[in-house]
Amino acid sequence: PVFNPNMNSYVYDIEISGGLVYAAGIFTLVNGSVSRNRLAAVSITTGTVVPGFNPNINTGVNTIAVYGGLLYAGGSFVTVGGTTLRRGAAAFNLTTGAVDAGFDPSTSVAGGGGVEALWAGPGGILLGGAFWSVNQRWRSRMAAVRRSDGVLDPDFKPEVDPTDSSSGGGVL
């Protein structure tokens, strides 16, 4: 078989884990006709969509990372799973695509902003992008949150100039 996931629009990021390719972007169809809104899992050998994985995100996903059995996603979205409120960042079960109920950093995404970059590791999750708050607390363009629940790390306070837009919204 030939690898051909055939997305109908842009893919912005990919991660590979457990024989699957996780793709994030602004696509709404995979394999030509299977509905997958902005986040999908496909077989690494054939590109065939994984039937049970369907996070159903309302708008663009810019970045993803796999860590500890979860897929972390960042973007300009507001809802996942069709109705669950998650502003800019969410975590999903790698097998089912179900949203992790505990992880909710709630970034500011108004005006097209959101999470443009993220990293997941043993110490937590780093977020970068065009946001100005996390958990309703001021954090301009960069923040660190706990993996378990998305609560802001109060000790991580990088000096990122919120008036400098030359970098396209901050970097990690």
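Preceding this section is the structure that the text describes.
All of these numbers come straight from a predicted model, not from anything done at the bench.

Conventions used here
- Residues numbered from 1 in each chain as written.
- Predicted model: local features only at pLDDT ≥ 70, side-chain atom pairs only at ≥ 80, totals over all residues.
- Heavy atoms only, no water.
- Salt bridge = Lys/Arg side-chain N within 4 Å of Asp/Glu carboxyl O.
- Helix = DSSP H or I, 4+ residues; strand = E, 2+ residues; numbered from the N terminus.
- Buried < 20%, exposed > 50% of the residue type's maximum accessible area, 1.4 Å probe, protein only.
- Pairing = 2+ DSSP bridges.
- Axes fitted to C-alpha atoms, helices over the stretch in contact; angles between N-to-C directions.
- Phe/Tyr/Trp six-rings, centres within 6.5 Å; stacked < 30°, edge-to-face > 60°.
- Contact = heavy atoms within 4.5 Å.

Participant: Please set out the pattern of salt bridges residue by residue, giving values where relevant.
Facilitator: Going through the model one piece at a time under the given rule, you end up with two salt bridges. The partner of Arg86 in a salt bridge is Asp104, and the shortest N-O contact between them spans 3.7 Å. With Arg86 in the loop between strand 9 (84-85) and strand 10 (89-93) and Asp104 in the loop between strand 10 and strand 11 (115-121), the pair connects residues that are 18 residues apart, well separated along the chain. The buried category is assigned to Arg86, whose relative accessible area is 6%. A relative accessible area of 28% places Asp104 in the partly exposed class. Note that Asp149 is salt-bridged to Arg146, the shortest N-O span being 2.6 Å. Among the residues examined, Arg146 registers a relative accessible area of 43% and is labelled partly exposed.

Participant: Quick rundown of the sheet that holds strand 11? Include the residues and the values.
Facilitator: Here three strands make up an open sheet; going across it, the order is 11-12-15 and the pairing antiparallel. This sheet does not close on itself; its edge strands, each paired only once, are strand 11 and strand 15 (142-145). The mean inter-strand angle of the sheet, taken between neighbouring strand axes irrespective of direction, is 15°. As paired strands, strand 12 (residues 124-129) and strand 15 are joined by four bridges and run antiparallel to one another. Bridge pairing in strand 15 places Gly128 opposite Met142.

Participant: Please provide a residue-by-residue account of unusual backbone geometry, values included.
Facilitator: Positive phi values are uncommon outside glycine, yet Arg38 reaches one of about 75°. Mapping Arg38 onto the fold places it in the loop between strand 4 (34-35) and strand 5 (39-43). Located in the positive-phi region is Gln136, a residue other than glycine, with phi close to 60°. The topology assignment puts Gln136 in the loop between strand 13 (133-134) and strand 14 (137-138). When its relative accessible area of 77% is taken as the criterion, Gln136 is described as exposed.

Participant: Give me the packing of aromatic side chains: which residues, what numbers.
Facilitator: Aromatic ring pairs: the centre-centre distance and the angle between the two ring planes describe each pair. For the structure shown, the criterion picks out three aromatic pairs. Summarising the aromatic geometry, the rings of Tyr10 and Tyr12 are spaced 6.4 Å apart at their centres and angled 15° between planes, so their arrangement reads as stacked. The class for Tyr10 is exposed, based on a relative accessible area of 56%. Taken together, a centroid distance of 5.3 Å and an interplanar angle of 70° make the contact between Tyr22 and Phe53 edge-to-face. Here Phe53 lies in the loop between strand 5 and strand 6 (61-67) and Tyr22 lies in strand 2 (residues 20-25), a separation of 31 residues in the sequence. Taking relative accessible area as the criterion, Tyr22 reaches 2% and is therefore assigned buried.

Participant: An account of the environment of Tyr12 is requested, with residue identities and associated values reported.
Facilitator: Position of Tyr12 among the secondary structure elements: in strand 1 (residues 11-17). Residue contacts for Tyr12: discarding those within four places in its chain leaves Ala24, Gly25, Ile26, Val61 and Asn62.

Participant: If you had to explain the sheet that holds strand 6 to someone new, which residues and values would you point to?
Facilitator: Within the open sheet, the three strands sit side by side as 6-7-10. Their pairing is antiparallel. With partners counted over all chains shown, the strands left at the sheet margins are strand 6 and strand 10, one partner each. If you compare each strand with its neighbour and ignore which way they point, the axes differ by 25° on average. Across six bridges, strand 6 lies against strand 7 (residues 70-75) in antiparallel orientation.

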